[in-house]
Amino acid sequence: MPRKLVVPSFLVLRLAFAPAVAAAGEGADSDRASLSRGGDTVAVLASPPEASRAQVDDALRRERHQQVDAIFAPWSGKTTPGCAVGISRDDVLDYVRGYGMSNLEHDVPITPQSNFQVASISKQFTASAIGLLAQEGRLSLSDDIRKYLPELPAYGKTITLAHLLHHTSGLREEGQLLNLAGWRGDDVYTEADILWALTRQRGVNFAPGTEVVYGNAPYTLLAVIVRRVSGKSLRGFTDERLFKPLGMADTHFHDDHTELVPRRASGYSPRDGGGWRVSILNTDHYGSTNLFTTVGDLLKWEQNLLDARVGGRALSTSLQTSGRLNDGTPIGYGGGLHLADYRGLRMVGHDGMGGGYRTDVILFPDQRLAIVALCNGATIPVSDLTRKVAEVYLGDLLKDVIPPAVALPEAELAALAGDYWSPWTDEVVRLEVKDGALRQVGVPTAFVPMGQGAFRPGESTHVWRFSAPTARAPRELSIQDFWPTTRKFIRVAEPLPTVSGLASFAGQYRSDEVDMTYTVRVADGRLAIRWPRRDEVVLDALGGDRFIGSLGTVTFTRAASGGVDGVTFSNRRLRRLRAERLGARPGPEHASEPGLAR
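Fair warning: this is a prediction, and the values are worked out from it, not measured in the lab. (Residues numbered from 1 in each chain as written. Predicted model: local features only at pLDDT ≥ 70, side-chain atom pairs only at ≥ 80, totals over all residues. Heavy atoms only, no water.)

## Notes on the packing of aromatic side chains
Here's step 1: Applying the stated criterion across every chain yields a total of 20 aromatic pairs.
Here's step 2: Ring plane angle 80° and centroid distance 5.4 Å describe the contact between F505 and F547, whose orientation is recorded as edge-to-face. Of this pair, F505 sits in the loop between β25 (487-491) and β26 (507-511) while F547 sits in strand β31 (residues 546-549), and the two are 42 residues apart along the sequence.
Here's step 3: Exposure remark for F547: the relative accessible area of 1% places this residue in the buried category.
Here's step 4: Directly above the aromatic system of Y219 lies the positively charged group of K123, at a separation of 5.9 Å from the ring centroid.
Here's step 5: The cationic tip of R546 hangs over the ring face of W421; the distance from NZ or CZ to the ring centre is 3.6 Å. (Phe/Tyr/Trp six-rings, centres within 6.5 Å; stacked < 30°, edge-to-face > 60°. Helix = DSSP H or I, 4+ residues; strand = E, 2+ residues; numbered from the N terminus. Buried < 20%, exposed > 50% of the residue type's maximum accessible area, 1.4 Å probe, protein only. Lys NZ or Arg CZ within 6 Å of the ring centre and 35° of its normal.)

Shown next as structure tokens:
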């Protein structure tokens, strides 16, 4: 007699979760079931021929699951953090399992019910809240943000809500501003702290709409806008309009770092000398981050991106529509979602990184395949892992788009090593030859040569291209990554300052934009910079007036007289924050050398 499988539907969702799941170290293959489209119980009857086919399907499914287990095997022990993984295929839960430990102190394993802080995966839910308010006519994406945030400075050009959504606003990054203002990494970061920093800024990284630089400040501001427009906190609004209608009972925006979270997975980072240390950020703000959720709840959300049960097709489409620069260039980012092509297939998703948490969600809409991996170890390469899972499920459909490697003698690689600076973004890239390969200093990924001066980082499709130096110009480097704007660098060729010359930079520097005074001194033949509540940062000289440290690029500026009159700080998400030199006006005895920054 045929076996009858009864599966309850999840509200109006088409994603059916089988009752068997796996905890750490325990495998479980989920039974496939037909799906409910109307909310009633679904019965699946297998006739004898269908039963034979089902046996083949089950065998193939078990083989896939064994391959997934092998991918996560390095993180499946009882002395390591790990991951919760969920996979849905054709609107059905195909596999869900926990690997590794949720809490190393209490020997708690990760299960599919473990709750993780998912960091920047949060952004798509903030974008959804904005999208719902726009549908109701309560705001417009073309609105000036100062309509809702009048305390922000006017920068001369309008920043719109769309600029915030698409990372094209030019606003400086919140965390880096607070670090320069004296916040420590384990301090509590609040929404009020971030507003304090952003309202003090007198400049932006770039004119709105001319570039795209990913950051968190725009989405923190969008959360404030949701509250001011709707009268409800982002947590309350998303609970009512998104999470409860979708049955995402284990999901919420976290606005109090002391709040208890059932089945919370602790975050971990490696400890020097071996082992792990707890790594959980103390954040009392959200919008850009601080969503807590499970793999099961996120699979429900991925299904909603496909079926648009909540928010309608207009919302789902808007989230998956790329923003554009002022010149019309698409940026590959929608409403809190990266929009990409992975080996020939359309893919949307987002990753997250905060404290020890590493998370990733990817969706292949045309194949109706969703993969969620939530991990609690800072060294777990989660995005690599989710793509390996995708290859298990989509292998025959994926194209080989990685250019082949070509051999280069180590002497040619050595000629490319050195420091490169971008006059445009003020970033510095440092390259070295290590273990026979060109690498970024401090980054393990090796660059793979592809010929004609082009390299790719590992198996990435990003392109780093070097041009040959000329008699009149140094070697140049261009970097084309996920974002559409190519960043250009030139090799630093200015002479290093002498030890005695370093004394000309010593002194105090004041930035009103972060309400902080910095002290620069010479220590053991190198410059060092310190400010209250932060560890002293030792700087490496790059050449001329330019240095680099954990702050990023540190450049001293000079007055017309030639004396040092200030310093700027830059990194990927913050450009040229200035601090003025205090004390006596600089004199001509510190005259600038040719080519030094001004």
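Read on for the rest.
## Some remarks on unusual backbone geometry
Here's step 1: Positive phi values are uncommon outside glycine, yet D426 reaches one of about 70°.
Here's step 2: Along the chain, D426 falls in the loop between β18 (418-421) and β19 (428-434).
Here's step 3: Given a relative accessible area of 3%, D426 falls into the buried group.
Here's step 4: Here the phi dihedral of R576 falls at roughly 55°; this positive angle occurs in a residue that is not glycine.
Here's step 5: Structurally, the position occupied by R576 is in strand β34 (residues 574-581).
Here's step 6: What makes R576 partly exposed here is its relative accessible area of 33%.

## What to know about the packing of helix α8 (residues 295-307) against helix α9 (residues 312-319)
Here's step 1: Across the interface, α8 lies against α9 with an axial gap of 8 Å and an inter-helix angle of 105°. For the element pair α8 / α9, the angle class is roughly perpendicular. Of the residues in α9, those touching α8 at W301, N304, L305, L306 and D307 are R313, S316 and L319.
Here's step 2: Classifying every residue of the contact of α8 with α9 by side-chain character gives four nonpolar, two polar and two charged. (Axes fitted to C-alpha atoms, helices over the stretch in contact; angles between N-to-C directions. Parallel < 35°, antiparallel > 145°, perpendicular 65-115°, else oblique. Contact = heavy atoms within 4.5 Å. Nonpolar A, V, L, I, M, F, W, Y, C, P; charged D, E, K, R; others polar.)

## A few points about the confidence of the model for the protein chain
Here's step 1: In this model, the protein chain carries a mean pLDDT of 90, and residues with pLDDT of at least 70 account for 89%.
Here's step 2: Scored below 50 in pLDDT, residues 588-598 shows 22 contacts in the model against residues more than four places distant or in partner chains. (pLDDT = per-residue confidence, 0-100.)

## Re the side chain of T359
Here's step 1: Positionally, T359 belongs in strand β16 (residues 357-364).
Here's step 2: For T359, the side chain forms a polar contact with the main-chain oxygen of V118, separated by 3.0 Å.
Here's step 3: Look past the residues within four positions of T359 in its chain and what remains in contact with it is Q117, V118, I121, H350, D351, G352, A373, L374, C375 and V382. (Polar contact = N/O pair within 3.5 Å; in protein donor to acceptor, adjacent residues only side chain to side chain.)

## A short note on the pattern of salt bridges
Here's step 1: Within the structure shown, the criterion is met by 37 salt bridges.
Here's step 2: With its nearest N and O atoms 2.9 Å apart, the salt bridge here joins D360 to R387. Separated by 27 residues along the polypeptide, D360 in strand β16 and R387 in helix α10 (residues 382-394) bring together distant segments of the chain.
Here's step 3: Overlapping salt bridges bring together D419, R430, R526 and D540 as one network. (Salt bridge = Lys/Arg side-chain N within 4 Å of Asp/Glu carboxyl O.)

## Regarding the environment of M450
Here's step 1: Inspection of the secondary structure puts M450 in strand β21 (residues 446-451).
Here's step 2: Residues M450 and V463, spaced 13 residues apart in sequence, show a C-alpha to C-alpha distance of 9.3 Å.
Here's step 3: If sequence neighbours within four positions are ignored, M450 has contacts with P403, P404, V406, F455, R456 and V463.

## Overview of helix α7 (residues 234-243)
Here's step 1: Summarising burial for α7: seven of the 10 residues are buried, a large majority.
Here's step 2: Listing the buried residues of α7 in full gives L234, R235, F237, T238, D239, L242 and F243.
Here's step 3: Elements in contact with the buried residues of α7: α2 (123-135), α6 (217-230), β9 (252-253), β13 (291-293) and α8.

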